[in-house]
Amino acid sequence: VIDFQFTAGDTALISAALEEVGFGLIEVGHGVGVGASKAGHGEAAESDEAYMKATAETLSSAKWGMFCIPGIADLDHIHMAHDYGMDFIHIGTNITEVETSEPFIDQAKKFGMMVYANFMKSYACSPSEVADIAAQSASYGADVVYLVDSAGGMLTEDVSAYVEAMCHKNNVRIGFHGHDNLGLSVANALVAIDAGATIIDTSLQGFGRSSGNTPTERFLSVLARRGIDLGMDPVKVMDVGEKYILPLISNKGI
């Protein structure tokens, strides 16, 4: 949305604010993942190392991580992340290319990181096939396997079918990463929970590629209506988004 122009200062401020209101998992860095600037996927305002350093020096209790696509990233990036004490890593592969994640999962696990395997373009395979691929990823060592609605085109019944199939064939945790192209990201995230997912990706103000991701503020409010208390004040979370994210959007002229 802003051509990857988060600064190290932005990263530190937003991470600190998220930690203060109660978030325990915070993802930072280039939207296409570590190594993306040098691989020609949009040059970020800062280096991967600068984002790592800013976050590591800022957070005291929340766990933090970054996104990683094998082929854009290499194993040296995981070594560097370990040097800065990174807690978790999202390893993203197209659903049909999950085997490329194996050495990355192996390396991250050796460093003690929590590993989330994100199956980009999950819709390219059937629910049963995704469930089998999830089992394959779990065999590599992934702690959480993710249904990813990369194009934001899944309907609620699609999400339910995928997550139920993944839960049926796997003992690892299931995550969901949605986009809002059809305006269903919040509904899909809620359905994912009903079907068995236990971790949901969101972003402040829905800030993300194309029509954006599941908006953190709205999703927290929906969970509150469901009686699910995460110990966070939705109004304080809204304040964080309005203070730190809206100005970035406004400055970009969007």
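So, here is what we can say about the structure in this document. (Residues numbered from 1 in each chain as written. Predicted model: local features only at pLDDT ≥ 70, side-chain atom pairs only at ≥ 80, totals over all residues. Heavy atoms only, no water.)

1. Topic: the pattern of salt bridges
Any two side chains of opposite charge can pair, given that their charged atoms come close. Note the threshold: The term salt bridge refers to a pairing of a side-chain nitrogen on Lys or Arg with a carboxyl oxygen on Asp or Glu at a separation within 4 Å. Strands are runs of DSSP state E lasting at least two residues, helices are runs of H or I lasting at least four, and both sets are numbered from the N terminus onward.
The tally for this structure, following the rule as stated, stands at 5 salt bridges. Taking the shortest distance from any N to any O, the salt bridge between Glu57 and Lys53 comes out at 2.9 Å. You can see Glu57 and its partner Lys53 sitting in helix H2 (residues 48–58), 4 residues apart, about one turn around the helix.

2. Observations concerning the packing of aromatic side chains
Defined as follows: Each Phe, Tyr or Trp ring, with Trp reduced to its six-membered ring, pairs with another whose centre is within 6.5 Å; inter-plane angles below 30 degrees give stacked pairs, above 60 give edge-to-face pairs, and intermediate values give tilted ones. With a 1.4 Å probe rolled over the protein chains alone, any residue whose accessible area is under 20% of its type maximum counts as buried; one over 50% counts as exposed, and the rest are partly exposed.
Throughout the structure, instances matching the rule amount to 3 aromatic pairs. Between Tyr116 and Tyr146, the ring centres sit 6.1 Å apart and the planes meet at 85°, which makes this aromatic pair edge-to-face. Taken as a pair, Tyr116 in strand E4 (residues 114–120) and Tyr146 in strand E5 (residues 144–149) lie far apart in primary sequence, 30 residues in all. For Tyr146, a relative accessible area of 0% puts it in the buried group. Within the aromatic cluster, the residues linked to one another by ring pairs are Phe88, Tyr116 and Tyr146.

3. Considering the packing of helix H6 (residues 156–169) against helix H7 (residues 185–195)
For any two helices packed against each other, one specifies the crossing angle of their axes together with the interaxial distance. Rule in force here: Axis definition: a line fitted to C-alpha atoms, limited for helices to the stretch in contact. Angles are taken between N-to-C directions and run from 0 to 180 degrees. Any angle between 65 and 115 degrees counts as roughly perpendicular, while under 35 counts as roughly parallel, over 145 as roughly antiparallel, and the rest as oblique. Left-handed describes a crossing whose near helix is turned anticlockwise from the far helix by less than a right angle; the clockwise case is right-handed. Residue contacts are defined here by distance: any two heavy atoms, one from each residue, within 4.5 Å place the two residues in contact. Residues are grouped as follows: Ala, Val, Leu, Ile, Met, Phe, Trp, Tyr, Cys and Pro are nonpolar; Asp, Glu, Lys and Arg are charged; every other residue, Gly included, is polar.
Two elements in contact, H6 and H7, have axes separated by 8 Å at closest approach and are oriented at 30°. As the angle between them shows, H6 and H7 are arranged roughly parallel. The handedness of the crossing between H6 and H7 is right-handed. Residue-level contacts link Thr156, Val159, Ser160, Val163, Glu164 and Cys167 of H6 to Ala187, Asn188, Val191, Ala192 and Ala195 of H7. Here the residues of the contact of H6 with H7 sort into 7 nonpolar, 3 polar and 1 charged.

4. Details of the packing of helix H3 (residues 75–83) against helix H4 (residues 102–110)
Here H3 crosses H4 at 20°, and the two axes come no closer than 10 Å. The angle between H3 and H4 falls in the class roughly parallel. The interaxial crossing formed by H3 with H4 has right-handed handedness. Contact residues: H3 offers Leu75, Ile78 and His79, while H4 offers Pro103, Phe104, Gln107 and Ala108. Taken together, the residues that form the contact of H3 with H4 break down as 5 nonpolar, 2 polar and no charged.

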